[in-house]
Amino acid sequence: MNHGTALLWKRRALSSLSATRRGLPKEKMTENGVMSRAKVLTIDTINPTVKKVEYAVRGPIVQRAVELERELSQGMKKPFAEVIKANIGDAHAMGQQPITFFRQVLALCSYPELLSDNTFPEDAKSRACRILQSCGGHSMGSYSASQGIDSVRKDVARYIERRDGGVPCDPDDIYLTTGASDGIVTMLKLLVSGEGATRTGVMISIPQYPLYSAALAELGAVQINYYLNEDKCWSMDIPELQRALDEAREYCNPRALCIINPGNPTGQVQSRECIEDVIRFAAKERLFLMADEVYQDNVYADGCQFHSFKKVLFEMGPEYSETVELASFHSTSKCYMGECGFRGGYMEIINMDNEVKAQLTKLVSVRLCPPVPGQALMDLVVNPPQPGEPSYDSFIKERTATLSALAEKAKLTEQVLNTVQGISCNPVQGAMYSFPRITIPEKAVKEATEQGQQPDMFYCMKMLEETGICLVPGSGFGQKDGTYHFRMTILPPTDKLKILLDKVKEFHQKFTQQYS
C-alpha cells in the first residue's frame, strides 16, 4: 500500500469514529432547527483537580449572604436589617481604619504631583521619592524585577534582622509576593512531585486555613492531616505529628510540614518550646518547614509572645540552622495594617539548594512581578516612621490603638461566647478569629444529614437566614469527627461586635430549644 492510499484509509477510519471518541464537541439541534456545537469546556472536560478545590471562607454561606444583601436592597422583608459578614479577616471592610502614613506615601507614589503639596509630611515625601527612584521610569506603574524591587527586599531583610535580634538575613533570600498566599502556593509547586506511593504529601494542621487544602487539591498532592489539641488551647503535639507522618508514609512521600502561627482559624500562639520541638521533628524526619507567620503582630494574651521559626532555628545552633530547610511568609493584609486589597507580602527561604533556588526564581519570573503598589506598602510596613520623624507619633498612636482594640475584642469574644450553654471558646491568644466548639442536638444533626449538609453548615446557614450573621462552619477548616465549630472574626467595631455576639447567643439558645 503506497503512502497516498494509507492516508486515505486513515481519513476514512477517523470519519467513521463518533465525535465523542475523537474528542470533538458534539453538535446539538436547537429549537429553530440550527445545528449548535456543544461547548469545548464543560464540567466533564475541565481539569479534574479544579473540581476538588474547596474554599469555605468564600463558599455557599457567603454566596447566600450576598444574595440576602441584594434582596434587602430590593426591599424584601427579612428578620434583620443588614447582613453582618463575620466570615473573613478583611479588616478595612469591617471598619478598621488604614494607617495614615501608609496611605499618604502610597498616594504620593501614585500621583507624584502631590509631592509639591505642603499638606503631606516631609518623611512621607522622602519615603515616596525613595520608592519611586527604585521603580522603572520613576513610576509605580512599571514592572519590577520578578523577585521584587531590590531596595524593598533590602528593607525586608533589615526588618527581619531587627525582629530576630540580629540573626543575619540575606536580601537575596527574600522574594516579594502577591500576598502571603502567592508565596505559599509557589513553594508547594516546587515541592510536589512523584506518582502513586511516591506522590508528595504535605502535613497541614486541622483545623487549617483552606488555602492549603485548596492548593494541594489543585496540585494533585496528598494532604496529610495532623490535629491540633483543642483541650490544650489548640497546641501542637509531637506524638500527633508522628502518628500522622507514620500513617502517611504507607501511601505517599511526606516532604513538608506547614505551621500557621499565630493560628488561623484557631487563634493560638505557639510557645517557643513547641517551635523547638517542631524544628527537631522536621530535622529528624527530613521535612521542609513552611511557617505561615502573617499574624505575627496579632498577639493579645498575657504570657504569649510571637517567636519566628527562623529566630528559634538559628538560636538552636548549627546542627539545625545549617540543615533545616525553611520558608516563612508575611503579608500586608493582617496585623495592624489590614491592607488586604494591595496584595503585598514576602517569603524568606533558608537553606535552599542553589539549583532549586534558581528554579524558584525562574518560576516567579513567569508571573512577571508582584503588584508594585503592594511592594511599596510592604516596604512601609518593614520600614515605618522612626523616632524623630514628623509622622512617628501619629503612626505609633494609630498602630497601638488598632492592636489594643483587637486585644479587647478578642477577650470580649471569648468571655461572651463562654456564657452560652453549648458553646465553648478557647482563649483568642492571637490572630483575628475565634473558633468556638458548639453542641448541636442530635435532631438537628439528623435533619442536616437528610439534607446532605454538614451539621455545622446547617447551623450556620440557619443563623444567616434568621439573624443575617455570616459565619464559616468548622467543617470548612477541618475538625475531629463528632465535633462542630464555627469561625468568627473579631474585626467588627466593638459596638457591632457586641450586637453580633448577642445575636449568636440568642440564636444558639433558640436553635438548641427548637431541636431538643
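In this text, all values refer to a predicted model and were calculated from it rather than measured experimentally.

### Side note on the overall build of the protein chain
Per the secondary structure count, the protein chain includes 18 helices and 16 strands. A compact globule built from 516 residues should have a C-alpha radius of gyration of about 24 Å, and the protein chain, at 26 Å, falls within 12% of that. When each of the 516 residues of the protein chain is scored for burial, the buried share is 51%. In the protein chain, the share of contacts with a sequence separation of at least 24, taken over all contacts with a separation of at least 6, comes to 70%. With an accessible surface of roughly 24,200 Å², the protein chain has 51% of that area assigned to carbon and sulfur atoms. In the protein chain, 58 side chains carry a positive charge and 62 a negative one; their mean positions are 8 Å apart.

### Details of the sheet that holds strand 7 (residues 253–260)
Ordered in space as 4-10-9-8-7-5-6, the seven strands form an open sheet in which the pairing is mixed. A single partner strand is all that each edge strand has here, and the edge strands are strand 4 (174–178) and strand 6 (222–227). Each strand of the sheet is rotated relative to its neighbour by a mean of 25°, with strand direction disregarded. Strand direction decides the pairing type here: strand 5 (residues 200–206) and strand 7, joined by four bridges, are parallel. Bridge pairing in strand 7 places Gly201 opposite Pro254.

### Notes on the domain arrangement of the protein chain
Segmenting the protein chain into domains produces domain 1 (52–95 + 400–514) and domain 2 (122–382). Distance from the C-alpha centre of domain 1 to the C-alpha centre of domain 2: 28 Å. Between domain 1 and domain 2, the contact holds 34 residues from the first and 35 residues from the second. The contact between domain 1 and domain 2 buries some 2,800 Å² in all, and 60% of this surface belongs to carbon and sulfur atoms. Here domain 1 and domain 2 share one salt bridge between them. Remark: the boundary between domain 1 and domain 2 carries 14 residue pairs in polar contact (both at pLDDT 80 or more). Contributing elements (two or more residues each) for the side of domain 1 that touches domain 2: helix 15 (392–417), strand 12 (433–434) and strand 16 (484–489). Considering only residue class, the side of domain 1 that touches domain 2 consists of 17 nonpolar, eleven polar and six charged.

### A closer look at empty space enclosed by the protein
All told, the structure shown has four cavities of 30 Å³ or more when counted by the stated rule. Size it by volume and the largest cavity reaches roughly 50 Å³. Grouping the constituent residues of the lining of the largest cavity by class yields five nonpolar, six polar and no charged.

### Looking at unusual backbone geometry
Cis geometry marks the peptide bond from Ile206 to Pro207, where omega comes out at 5°. Looking at the secondary structure, you find Pro207 in the loop between strand 5 and helix 8 (210–219). In this model, His138 sits at a positive phi of 55°, which is unusual for a non-glycine residue. As for its position among the elements, His138 is in the loop between helix 5 (122–133) and helix 6 (150–163).

### Here we look at the pairing of strand 7
Burial within strand 7 is extensive, with six of its eight residues counted as buried. With five bridges connecting them, strand 7 and strand 8 (residues 288–292) associate as parallel partners. What sits directly across from Cys258, in strand 8, is Met290. Regarding topology, helix 10 (residues 272–285) serves as the crossover connection from strand 7 to the parallel strand 8, and that connection is right-handed.

### Examining helix 4 (residues 100–110)
Quick reminder: α-helices carry 3.6 residues per turn. Residues three or four places apart thus point the same way. Taken together, the buried positions of helix 4 are Phe101, Phe102, Gln104, Val105, Leu106, Leu108 and Cys109. As for helix 4, its buried residues are in contact with helix 5, helix 14 (372–382) and helix 15.

### Points about the packing of aromatic side chains
Within this structure, the stated rule accounts for 13 aromatic pairs. Ring centres 6.2 Å apart and planes at 40° place the aromatic pair Phe102 and Tyr336 in the tilted group. Separated by 234 residues along the polypeptide, Phe102 in helix 4 and Tyr336 in the loop between strand 9 (326–331) and strand 10 (344–350) bring together distant segments of the chain. Residues Phe102 and Tyr336 agree in their burial class; the two are buried. Seen from their ring centres, Phe511 and Tyr515 are 4.9 Å apart, and the 45° between their planes marks the pair as tilted. Separated by four residues within a single helix, Phe511 and Tyr515 lie in helix 18 (residues 494–515), roughly one turn from each other. Given the relative accessible area of 1%, Phe511 is considered buried. Exposure remark for Tyr515: the relative accessible area of 4% places this residue in the buried category. The positively charged end of Lys310 is found above the aromatic ring belonging to Phe314, 5.7 Å away from the centroid.

### A few points about the UniProt feature "domain: Aminotransferase class I/classII large" (unreviewed entry) in the protein chain
In the UniProt entry, the feature "domain: Aminotransferase class I/classII large" (unreviewed entry) is given for residues 137–503. Taken end to end, residues 137–503 is 42% helix and 16% strand, and its first and last C-alpha atoms sit 54 Å apart.

### Section: the environment of Cys169
Looking at where Cys169 falls in the secondary structure, it is placed in the loop between helix 6 and strand 4. The exposure class assigned to Cys169 is buried, which follows from its relative accessible area of 8%. Sequence-wise, Cys169 and Ile350 are 181 residues apart; in three dimensions their C-alpha atoms are separated by 9.3 Å. Apart from residues lying up to four places away in sequence, Cys169 is in contact with Ala157, Ile160, Glu161, Ile174, Lys310 and Glu348.

### Observations regarding the confidence of the model for the protein chain
On average, residues of the protein chain carry a pLDDT of 89, and 91% of them reach 70 or more. Between the elements of the protein chain, mean pLDDT differs from a low of 55, seen in helix 1 (residues 3–16), to a high of 97, seen in helix 11 (residues 309–315).

### Here we look at the side chain of Arg127
Among the secondary structure elements, Arg127 is positioned in helix 5. The residues contacting Arg127, other than those within four sequence positions of it, are Phe101, Val105, Leu380, Asn383, Pro384, Pro385 and Glu389.

### Concerning the nonpolar core
One finds Phe102, Val156, Met187, Met290 and Tyr336 to be the most contacted residues of the largest nonpolar core, which totals 76 residues. Residue assignment places this core across two domains, with domain 1 (52–95 + 400–514) and domain 2 (122–382) each supplying three or more. For Met187, the contacting residues outside a window of four places in its chain are Phe288, Met290, Ala327, Phe329, Met347, Ile349, Met352 and Leu360.

How each quantity is defined
Throughout, residues of each chain are indexed from 1 in the direction in which the sequence is written. Local features in this predicted model are restricted to residues whose pLDDT is 70 or higher, and side-chain atom pairs enter the listing and the counts only when it is 80 or higher, whereas totals over whole chains, interfaces and linings include all residues. The side-chain quantities take in all heavy atoms of the structure and omit both hydrogens and water. Working definition: helices are DSSP H or I runs of at least four residues, strands are E runs of at least two. Numbering for both runs from the N terminus. Using C-alpha atoms as the atom set, the radius of gyration is obtained and then compared with a globule rule of 2.2 Å times the number of residues to the power 0.38. The rule is simple: take the accessible area with a 1.4 Å probe, protein chains only, and divide by the maximum for that residue type; under 20% is buried, over 50% is exposed, in between is partly exposed. Two residues form a contact once any of their heavy atoms are found within 4.5 Å. All accessible-area figures derive from a Shrake-Rupley calculation using a 1.4 Å probe, and residue coverage is judged against the displayed protein chains alone. We score Asp and Glu as negative and Lys and Arg as positive, and we do not count His or the chain ends. Positions of charges follow a simple convention, taking NZ of Lys, CZ of Arg, CG of Asp or CD of Glu. A pair of strands is considered paired only if DSSP assigns at least 2 bridges between the two. Inter-axis angles, ranging from 0 to 180 degrees, are taken between N-to-C directions of lines fitted to C-alpha atoms, where helices are fitted over the stretch in contact. For the purposes of this description, domain bounds are those given by an automatic or database domain assignment. Buried area: the accessible surface (1.4 Å probe) lost by two parts on joining, summed over both. Here a salt bridge means any side-chain nitrogen of Lys or Arg lying within 4 Å of a carboxyl oxygen belonging to Asp or Glu. For the purposes of these results, a polar contact is taken to be a pair of N or O atoms within 3.5 Å, where, inside protein, one atom must be able to donate a hydrogen and its partner to accept one; residues adjacent in sequence count only when each atom of the pair is a side-chain atom. Under the scheme applied here, ten amino acids are nonpolar (Ala, Val, Leu, Ile, Met, Phe, Trp, Tyr, Cys and Pro), four are charged (Asp, Glu, Lys and Arg), and all others, including Gly, are polar. The distinction between a cavity and a pocket rests on a 1 Å grid over the protein atoms alone: a 1.4 Å probe fits inside a cavity but cannot get out, while a pocket stays open yet meets protein on both sides within 12 Å along at least five of seven lines, and a residue with an atom within 4 Å of a point counts as lining. Grid points are joined across faces, edges and corners, and a volume is the space filled by probe spheres set on the points. Note on handedness: a clockwise path from strand one over the helix to strand two, with the strands aimed away from the viewer, defines a right-handed crossover. Whether two aromatic rings pair depends on their centres lying within 6.5 Å, for rings of Phe, Tyr and Trp, where Trp uses its six-membered ring; planes under 30 degrees apart make the pair stacked, over 60 edge-to-face, and the rest tilted. A ring has a charge above it when a Lys NZ or an Arg CZ is no more than 6 Å from the ring centre and no more than 35 degrees off the ring normal. UniProt positions are given in the numbering used here, feature names are shortened, and annotations may be inferred rather than shown by experiment. Confidence of the predictor in every single residue is expressed as pLDDT, which spans 0 to 100. By nonpolar core is meant a set of buried Ala, Val, Leu, Ile, Met, Phe, Trp, Tyr and Cys residues that side-chain atoms within 4.5 Å join together.

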